[in-house]
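# Architecture at a glance
So the chains spell out like this:
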Amino acid sequence: MGGGSWATALAKIVLSTQESINWYMRKPESIEEFKQLKHNPNYLTSIRFDIDKITFYSDINQAIEDSDTLIFATPSPFFKEHLRKVHTSLQNKFIISAIKGLVPEENMLITDYFAEKYNVPVDQIAIIGGPCHAEEIALERLSYLTLGCTNDDNLTAISGVFRNQYLKNTHNHDVTGIEYASVLKNVYSIVAGICHGMKYGDNFQAVLLCNAIEEMRRFLAVVNPVDRDITDSVYLGDLLVTAYSRFSRNRIFGTMIGKGYSVKIAQLEMEMIAEGYYGTKCIQEINEEYKVDMPILNALYEILYERKSPIRIIKELTEKFK
């Protein structure tokens with residue numbers, strides 16, 4: 001479900017282990033172009049597909065009716081809009097969310113939204129966590145995914161779908177923690193990009209990310225107090241790759257802000273969605289209830305939404321680090 005880079009990478013993975021897939025894309029013209037070119041015309045164009053193994057849909061309800069497992073890989077800002085078109089039941093489907101964001105306006109986790117709004121049983125919902133960039137899947141560089149679900153049998157069942165010669169996976173029951181962590185790592189990666197754009201060096205970036213993972217730990221401990229190791233790759237690893245990688249759209253977005261672009265101009269220049277922009281507002285509003293000490297989040301919110309000077313805000317933030 002989705003036609004972007006992450007959806008395309010996941011389709012490549014699934015077709016490496018399964019005979020065929022159904023693939024929903026919103027625009028019929030993109031589907032027709034895909035069939036002619038034998039690759040996604042807009043994203044990860046280097047990945048070639050065997051079109052005979054793909055049944056394309058531009059009708060979301062028909063795609064759902066014809067499928068037993070649904071992998072959602074749409075950007076979080078458009079997620080609610082897509083689901084508004086759904087009138088067929090999701091209750092008997094197994095749902096896998098690969099969305100790295102919260103439901104806009106609702107400030108809800110994707111899994112909670114499926115459970116509460118569409119009555120999908122919790123043990124029929126799984127998530128895909130990092131650390132993993134779509135671009136490196138396209139290049140078939142060794143990568144690791146984290147699969148999260150409350151049901152061990154379902155974790156085992158989907159594990160083989162997401163494992164091949166260049167991809168490994170691990171299992172984790174901390175669905176809520178992983179979902180929040182996947183939002184926060186995008187937030188912190190924008191800050192890392194801002195600092196990179198302002199010529200802060202690697203020494204500072206190391207301190208920034210140490211403080212970021214500690215801030216993430218504090219938040220997760222309050223919103224979902226379960227036993228977790230914050231140094232696991234799905235938390236710390238995903239933060240590091242998103243903050244440092246040249247493929248990270250959140251880092252790129254932040255770098256533009258650090259170089260002096262306005263938020264609006266940086267968004268217009270970006271060819272893809274920087275999820276952390278939306279995640280910053282969502283987490284900031286959620287934290288109004290929990291009141292966790294989150295100076296990095298607060299700083300980014302002031303820069304993105306209150307239009308305060310990045311130079312001044314980051315300078316103030318550096319005085320709070322240890």
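Anything mentioned here points back to the structure above.
Below you will find a few notes about this structure. (Residues numbered from 1 in each chain as written. Predicted model: local features only at pLDDT ≥ 70, side-chain atom pairs only at ≥ 80, totals over all residues. Heavy atoms only, no water.)

Right, let's talk about the overall build of the protein chain for a bit. Helix and strand counts for the protein chain come out as 15 helices and seven strands. Relative to the 2.2 N^0.38 estimate, which gives 20 Å for 322 residues, the radius of gyration of the protein chain is 19 Å and therefore close to what a compact globule would have. Seen along its three principal axes, the alpha-carbon backbone of the protein chain occupies a region of about 55 × 40 × 35 Å. The long-range share in the protein chain, meaning contacts at least 24 apart out of those at least 6 apart in sequence, stands at 70%. Surface summary for the protein chain: the accessible area is close to 14600 Å², and the carbon and sulfur share equals 46%. One way to put it: in the protein chain the 34 positive side-chain charges average out to a point 6 Å from where the 41 negative ones average out. (Helix = DSSP H or I, 4+ residues; strand = E, 2+ residues; numbered from the N terminus. Rg over C-alpha atoms; globule rule 2.2 N^0.38 Å. Contact = heavy atoms within 4.5 Å. Areas by Shrake-Rupley, 256 points an atom, 1.4 Å probe, with all protein chains shown as cover. Lys, Arg positive; Asp, Glu negative; His and termini not counted. Charge placed at Lys NZ, Arg CZ, Asp CG, Glu CD.)

This next bit is on the packing of helix α8 (residues 175-197) against helix α14 (residues 295-305). Between α8 and α14, whose axes approach to 10 Å, the crossing angle comes to 65 degrees. The angle between α8 and α14 falls in the class roughly perpendicular. For the crossing formed where α8 meets α14, the hand is left-handed. Residues V187, Y188, I190, V191 and I194 of α8 lie in contact with α14, whose contacting residues are I296, L297, L300 and I303. The residue makeup of the contact of α8 with α14, split by class, is nine nonpolar, no polar and no charged. (Axes fitted to C-alpha atoms, helices over the stretch in contact; angles between N-to-C directions. Parallel < 35°, antiparallel > 145°, perpendicular 65-115°, else oblique. Left-handed = near helix turned anticlockwise from the far one by under 90°. Nonpolar A, V, L, I, M, F, W, Y, C, P; charged D, E, K, R; others polar.)

A separate point is the state of the cysteines. Applying the stated criterion across every chain yields a total of zero disulfides. Lacking any disulfide linkage, C195 is separated from the closest cysteine sulfur, that of C210, by 14 Å. (Disulfide = S-S within 2.5 Å.)

Our focus in this paragraph is the nonpolar core. Within the largest apolar cluster, 54 residues are counted, with the highest numbers of intra-cluster contacts made by Y180, Y188, M216, F219, L220, F253 and I283. Of all the secondary-structure elements, those providing two or more residues to this core are α8, α9 (202-223), α10 (233-244), α11 (249-258), α12 (263-269), α13 (275-290), α14 and α15 (310-318). Element by element, the count of residues in this core is highest for α8, at 13 residues. Dropping the residues within four chain positions of it, F219 is found in contact with Y180, L184, I283, I286, N287, V292 and M294. Counting 39 residues, the second-largest nonpolar core is a separate cluster that includes A9, I31, I71 and I128. (Core = buried A, V, L, I, M, F, W, Y, C linked by side-chain atoms within 4.5 Å. Buried < 20%, exposed > 50% of the residue type's maximum accessible area, 1.4 Å probe, protein only.)

Moving on to the pattern of salt bridges. Oppositely charged side chains can form a pair if their charged atoms are brought close together. Tallying each qualifying case throughout the model produces 14 salt bridges. A salt bridge links K35 to E32, with the nearest nitrogen and oxygen atoms 3.9 Å apart. You can see K35 and its partner E32 sitting in helix α2 (residues 28-37), three residues apart, about one turn around the helix. Within this structure, K80, E105 and E106 form a network of salt bridges that share partners. (Salt bridge = Lys/Arg side-chain N within 4 Å of Asp/Glu carboxyl O.)

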